[in-house]
Amino acid sequence: MSGDFFDQAFVSAKQWLLSFLAGAPDWVMQIASSLINIFAVLGVFLTLFALISVLERKILGRMQNRYGPNRVGPFGLFQPVADGIKMLIKEDIVPVRADKIVHFLAPILIAATAILALGVIPYGRNMTPFAIDGGILFFFAVGSTTELAVFMAGWGSNNKFSMLGAMRAIAQMISYELPLIIVTLPVVMVVGSLSPDAIVAAQAGYALGFVPHWFVTTPWGAAAFILFFVSGLVESNRTPFDVPEGESEIVAGHMTEYSGFKYATFFMAEYFGMFAISGLAVTLFLGGWQAPIAGLQFVPSYVWFFAKLSILLFVFIWIRGTLPRTRVDQVMNFAWKFMLPMAFTCVVAAAVWHYQGRAFGGWLWSLLVIAAVYIALSRLLDTRKKFATRTYRFAE
């Protein structure tokens with residue numbers, strides 16, 4: 001009983017707030033309910049943004065054997081407050097020949113799309129801010145407008161570096177959106193629904209009492225999760241795929257002509273996009289808010305969701321501190337020659353698993369399909385010959 005109380009604490013709090021409007025028209029109740037959901041999502045993820053911005057620097061400092069932020073507040077935890085104040089009071093410089101309306105709207109649009117995408121993810125039992133039947137479709141439809149916002153930033157700045165950065169960003173985002181969407185198809189096909197809540201519900205239960213029925217435990221699900229995560233790195237412009245922001249080549253990409261709070265909005269939108277992609281990965285492949293072990297179901301469902309989300313965010317940071325930036329041609333080759341064929345393979349493997357009765361035989365057959373295509377692609381795309389030993393013709 002106490003477990004249910006803590007699990008539904010936020011749902012009960014929302015109902016309590018709505019009780020003050022008892023007797024009001026339905027449309028008023030609906031607007032009030034939506035506003036509560038909006039403010040809750042913004043409050044949670046703005047707090048998480050502030051926290052992850054300082055934790056990322058401290059974790060990277062630890063990995064690189066140096067200090068992270070440690071001056072502002074206890075253990076440097078007030079650093080996000082200092083950064084926010086700094087961004088607010090910095091001068092907002094707009095180029096004279098820039099398209100000022102487009103230049104102004106670009107950061108607003110890119111932040112709005114990331115926030116909208118967060119609205120359809122189930123964060124716990126009965127805790128989906130906006131539960132719609134086509135939630136997955138809505139997520140990708142809203143997310144695809146990010147390319148438009150990036151193009152607006154590059155074009156509106158009237159700057160060659162900004163335009164080059166925008167073109168790079170759009171090229172790689174479109175290239176990796178294809179595998180991102182295609183690896184979602186097996187989950188949608190197996191569940192038979194585009195609703196995130198239905199997808200989480202389909203991953204309930206445990207085999208042998210302790211192995212969760214998460215899709216990541218199947219061969220096609222594991223491969224699709226890895227492909228989804230890599231595509232998410234690219235969509236979020238995170239290392240090693242942060243080519244559009246290659247400081248040594250094109251200054252800061254499409255954000256070159258932005259300063260002050262507009263630049264901070266781009267920065268926030270990047271993190272919100274990372275939260276959204278990670279949250280969708282948790283929903284599609286890691287069971288959403290489901291507990292990993294049957295004996296731990298007494299823990300509130302939202303705790304499990306944010307625990308899984310935190311692990312994925314840590315991996316984002318870990319990769320940033322480990323891998324160097326790739327070249328733009330390597331990024332594009334990897335998308336079209338490896339990611340896309342493997343994404344289609346996941347669809348076939350999921351179909352094999354399903355039509356084999358979702359039993360152990362289907363598990364083996366789907367593993368065979370994934371392994372065969374992976375080995376074939378590895379042989380066809382063998383790049384060792386491109387990295388032969390260099391000979392210095394004019395060396396003494």
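Draft legend 1. Structural detail: the overall build of the protein chain. Across its full length, the protein chain carries 16 helices and two strands. Here the protein chain has a C-alpha radius of gyration of 23 Å; the compact-globule value for 396 residues is 21 Å, and the two agree. Taking the principal axes of the C-alpha coordinates as reference, the protein chain spans close to 80 × 60 × 40 Å. Expressed as a percentage of its 396 residues, the buried residues of the protein chain come to 45%. Relative to all contacts within the protein chain whose residues are 6 or more apart in sequence, the contacts with residues 24 or more apart total 75%. By element, 70% of the accessible surface of the protein chain is carried by carbon and sulfur atoms, the whole surface being about 20,900 Å². Distance from the positive charge centre (27 side chains) to the negative charge centre (22 side chains) of the protein chain: 9 Å.

Draft legend 2. Main features of the packing of aromatic side chains. Here the structure, examined in full by the defined rule, presents 28 aromatic pairs. Here the aromatic rings of Phe49 and Phe272 are separated by 6.4 Å at their centres, their planes lie at 80 degrees, and the arrangement is edge-to-face. Highlighted residues: Phe49 in helix 3 (residues 26-63) and Phe272 in helix 13 (residues 260-285), separated in sequence by 223 residues. Take Phe272: its relative accessible area is 1%, and that puts it in the buried class. An angle of 40 degrees between the planes, with centres 6.4 Å apart, marks the rings of Phe225 and Phe229 as tilted. Of this pair, Phe225 and Phe229 both sit in helix 11 (residues 219-235), separated by four residues, roughly a single helical turn.

Draft legend 3. Examining the pattern of salt bridges more closely. Taken as a whole, this structure holds seven salt bridges when the rule is applied. As a salt-bridge pair, Asp7 and Arg125 come within 2.5 Å of each other at their nearest N and O atoms. Within this pair, whereas Asp7 is found in helix 1 (residues 2-7), its partner Arg125 is found in the loop between helix 5 (100-117) and helix 6 (135-143), the two being separated by 118 residues in sequence. Look at Asp7 and you get buried, because its relative accessible area is 3%. Residue classification places Arg125 among the partly exposed residues on the basis of a relative accessible area of 34%. Through salt bridges with shared partners, one network takes in Glu56, Arg238, Glu270 and Arg320.

Thresholds applied
- Residues numbered from 1 in each chain as written.
- Predicted model: local features only at pLDDT ≥ 70, side-chain atom pairs only at ≥ 80, totals over all residues.
- Heavy atoms only, no water.
- Helix = DSSP H or I, 4+ residues; strand = E, 2+ residues; numbered from the N terminus.
- Rg over C-alpha atoms; globule rule 2.2 N^0.38 Å.
- Buried < 20%, exposed > 50% of the residue type's maximum accessible area, 1.4 Å probe, protein only.
- Contact = heavy atoms within 4.5 Å.
- Areas by Shrake-Rupley, 256 points an atom, 1.4 Å probe, with all protein chains shown as cover.
- Lys, Arg positive; Asp, Glu negative; His and termini not counted.
- Charge placed at Lys NZ, Arg CZ, Asp CG, Glu CD.
- Phe/Tyr/Trp six-rings, centres within 6.5 Å; stacked < 30°, edge-to-face > 60°.
- Salt bridge = Lys/Arg side-chain N within 4 Å of Asp/Glu carboxyl O.

No statement about biological role is implied by the geometric values presented.
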